[in-house]
Amino acid sequence: MTAFDLSLPDSEPDDRYRRRIGLLIGGALGLAYGVFSQLGNRLLAPGVPLYQPPLGAWLNTLVFTLGGAALGLLVAWPRSGMKGVFLMAAAGAAGIVLLSLATARGLSESFALRLVSAITLALPFWGMLVPIFAAVRWVIGHQEEAHRDGQNWRGRLLWPGVLIALVAVVGYTSIYPARGRETLRVANAMLSEAVASGATPDALAQVDGFEDHLREPYRLAWEGTNISRYRIARPSENFDFHSAVVARYSSGWNLVCIYVAEDKPPLCRGFNALPR
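Residues numbered from 1 in each chain as written. Predicted model: local features only at pLDDT ≥ 70, side-chain atom pairs only at ≥ 80, totals over all residues. Heavy atoms only, no water.

What to know about the nonpolar core
In this structure, Leu184, Leu191, Leu204, Phe210, Leu220, Tyr249 and Leu255 are the most contacted members of the largest nonpolar core, which totals 25 residues. Those elements that provide at least two residues to this core are α6 (178–197), β1 (218–223), β2 (243–249) and β3 (254–259). Among the elements that line this core, the one with the most residues is α6, at 5 residues. Beyond its immediate stretch of four places on either side in the chain, Phe210 contacts Leu191, Ala194, Thr200, Pro201, Leu204, Tyr249, Trp253 and Leu255. Core analysis: the next-biggest nonpolar cluster, separate from the first, contains 12 residues, Tyr17, Phe133, Val139 and Ile140 among them. (Core = buried A, V, L, I, M, F, W, Y, C linked by side-chain atoms within 4.5 Å. Buried < 20%, exposed > 50% of the residue type's maximum accessible area, 1.4 Å probe, protein only. Helix = DSSP H or I, 4+ residues; strand = E, 2+ residues; numbered from the N terminus. Contact = heavy atoms within 4.5 Å.)

What follows is the structure, encoded as structure tokens:
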């Protein structure tokens, strides 16, 4: 009597589908991060011209989307999940190095020093990225298996949705706090009024060079830490809550204003080059 083998044949990995879904999930993760980190401040502080290096909000969002898609494809490319995870983590660390170099000021003057500093920064990030990318690879692998099993696409949305939500939360943490957005609005109102009226505000009357740059386009950034590097004398009142608004003008000139309290005018100083 012939014995019948009732076991199911092993299904072959679907490399093309895995790579397509990796590209799609990676792009969705990059888009989620870009939208929340780059466009969140614009939505919450409408009308304020924000400084968002290196390319501005929209192009930064596009770069995050394309970068996420590339990393998703990279982690999905090998059949071995371990190889994909370490390949993606290495690429992510390299991206951190390149971004650090691209946003650094005075790059040509100290390239070697900045390169070493960027690599030193990237190494611990590489270790942190491995478990994160392992989760991405697991979700991609789960999608591939569900596709081979013929599972309905609606039943496969949970884990990609969880990943996208987590990345969106990470992106949201880079948004300015409420007091920062309010300070930016106040500073922009002061500068906009100066442009409209042609008159120098009292807080800027003693700032050398402001009148020469009054009508130039500018971009604003808020800083809540490390503002002592601007060496602007400030009172001890409310010291832990002092913050700075940095206006970067199209000519390269910079205006820094320290805000001590909401009901007091800022303490401002002009810079041809911002101190680090």
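Past the structure itself, the notes keep going.
Quick look at the pairing of β3
Within β3, 6 of the 6 residues are buried, leaving the element largely enclosed by the surrounding structure. Of the two faces of β3, the one holding Asn254, Val256 and Ile258 and the one holding Leu255, Cys257 and Tyr259 are both buried throughout. Two strands pair when backbone bridges link them, and β2 and β3 are joined in this way by 6 bridges, in the antiparallel orientation. Looking at β3, one finds that Ala247 is bridged to Leu255. Between β2 and β3, which pair antiparallel one after the other, the connecting turn spans 4 residues, and Gly252 there sits at a positive phi close to 105°. Pairing between β3 and strand β4 (residues 267–271): 5 bridges, direction antiparallel. By the bridge assignment, Cys257 is partnered in β4 with Cys268. (Pairing = 2+ DSSP bridges.)

Overview of unusual backbone geometry
In this structure, the amide linkage connecting Pro53 to the following residue, Pro54, adopts the cis form with an omega of 0°. Mapped onto the elements of the fold, Pro54 is located in the loop between α1 (15–44) and α2 (57–76). Despite not being glycine, Asn226 has its phi angle at roughly 55°, a positive value. If you trace the backbone, Asn226 turns up in the loop between β1 and β2. Backbone geometry at Asn238 places phi at a positive 55°, although glycine is not the residue there. Inspection of the secondary structure assignment puts Asn238 in the loop between β1 and β2. The exposure class assigned to Asn238 is partly exposed, which follows from its relative accessible area of 36%.

Describing empty space enclosed by the protein
Under the counting rule described, the total for this entry stands at 1 cavity of 30 Å³ or more. For the largest cavity, the calculated volume is near 40 Å³. Every residue along the wall of the largest cavity is listed here: Ala187, Met190, Leu191, Leu220, Val245, Ala247, Leu255 and Cys257. For the lining of the largest cavity, the elements supplying multiple residues, two or more each, are α6, β2 and β3. Per-element accounting of the lining of the largest cavity gives the leading share, 3 residues, to α6. Considering only residue class, the lining of the largest cavity consists of 8 nonpolar, no polar and no charged. (1 Å grid on protein atoms, 1.4 Å probe; cavity = no way out; pocket = protein on both sides within 12 Å on 5 of 7 lines; lining within 4 Å. Points joined across faces, edges and corners; volume = space filled by probe spheres on them. Nonpolar A, V, L, I, M, F, W, Y, C, P; charged D, E, K, R; others polar.)

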